[in-house]
Amino acid sequence: MRKLIVNSIMVSALLLSAGISNSCSKIDDIIDITIPVPFAINNNFNADIPFVITTEFVKSPDIPLNLNLDEEIKARFKDMSVNNLKSAKLSSFTIDYLSSSNNNAIKLDKVKDAELWIKAPNVGEVRVAAVQNNISDTALNFTPDPAVELADYLKSNQTSIYLKIKGTETAATQMQVRINSSFKIQVSL
């Protein structure tokens, strides 16, 4: 009798474990969300900036990033939001010269070195990219720091950027530029 009870318990346990593993695979089939990870979000816009340089670093005024990451994520994945953001990194950043207020006499070749900083309320600010030994008069091509995590910065609608610029000489103008940025985004449930 004892042997019959033990065998019954063993068979029941075996059937129960087979049923549980089978139902888990059905749940996996139901929750089959494929997200291309990571994906890029581009943020390109024109800006008018006061362009003041000296042979020491000078900080520019803040420039609003104007990136609604929640809207961008929802446009790609309707059931997700900025709350699903797991990682965000700057993958590219350039500033293209468009014009300057002094008959285009001052261009970007006056910039020797530049740093890109990002800031948001309650997060602080961090340096995210830099240019060293620039020689181009039409573009500043920044090298992003791959170690800097920006998820907390990009969750805010009040994120802004600013530059710290060091020039080859002293110059000042009002400059219109095109800011081109791309962020590598990862989201998950």
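Everything below is about the structure shown above.
Residues numbered from 1 in each chain as written. Predicted model: local features only at pLDDT ≥ 70, side-chain atom pairs only at ≥ 80, totals over all residues. Heavy atoms only, no water.

**Structural notes on the overall build of the protein chain**
- For the protein chain, the count of helices and strands is 3 helices and 9 strands.
- Ordered by position in the sequence, the α and β elements of the protein chain form the string α-β-β-β-α-β-β-β-β-α-β-β.
- Looking at the protein chain as a whole, 39% of its 189 residues are labelled buried.
- Considering only contacts in the protein chain between residues 6 or more positions apart, those separated by 24 or more positions represent 80%.
- When the accessible area of the protein chain is evaluated, it comes to approximately 11100 Å², of which 52% is carbon and sulfur surface. (Helix = DSSP H or I, 4+ residues; strand = E, 2+ residues; numbered from the N terminus. Buried < 20%, exposed > 50% of the residue type's maximum accessible area, 1.4 Å probe, protein only. Contact = heavy atoms within 4.5 Å. Areas by Shrake-Rupley, 256 points an atom, 1.4 Å probe, with all protein chains shown as cover.)

**Here's the deal with the side chain of serine 100**
- Take serine 100: it is sitting in strand 4 (residues 85-100).
- A relative accessible area of 10% places serine 100 in the buried class.
- A polar side-chain atom of serine 100 sits 2.8 Å from a polar atom in the side chain of asparagine 102. (Polar contact = N/O pair within 3.5 Å; in protein donor to acceptor, adjacent residues only side chain to side chain.)

**A short note on the side chain of asparagine 43**
- Inspection of the secondary structure puts asparagine 43 in strand 1 (residues 39-53).
- When its relative accessible area of 9% is taken as the criterion, asparagine 43 is described as buried.
- Polar side-chain contacts of asparagine 43 include one of 2.8 Å to the backbone oxygen of leucine 65.
- Apart from residues no more than four positions distant in its own chain, asparagine 43 is found in contact with Leu65, Asn66, Leu67, Ile179, Asn180, Ser181 and Phe183.

**Some thoughts on the environment of arginine 76**
- Residue position: arginine 76 is located in helix 2 (residues 69-76).
- Residues arginine 76 and phenylalanine 39, 37 residues apart in the sequence, show an inter-C-alpha distance of 9.9 Å.
- Every residue in contact with arginine 76, bar those within four places of it in the chain, is listed here: Phe39, Ala40 and Ile41.
- Side-chain polar atoms of arginine 76 contact the side chain of glutamate 72, separated by 3.1 Å.

**Considering the nonpolar core**
- Residues Ile95, Leu116, Phe142, Leu150, Leu154, Ile179 and Ile185 are the most contacted members of the largest nonpolar core, which totals 48 residues.
- Apart from residues no more than four positions distant in its own chain, phenylalanine 142 is found in contact with Phe93, Ile95, Ala114, Glu115, Leu116, Ala129, Ala130, Val131 and Leu163. (Core = buried A, V, L, I, M, F, W, Y, C linked by side-chain atoms within 4.5 Å.)

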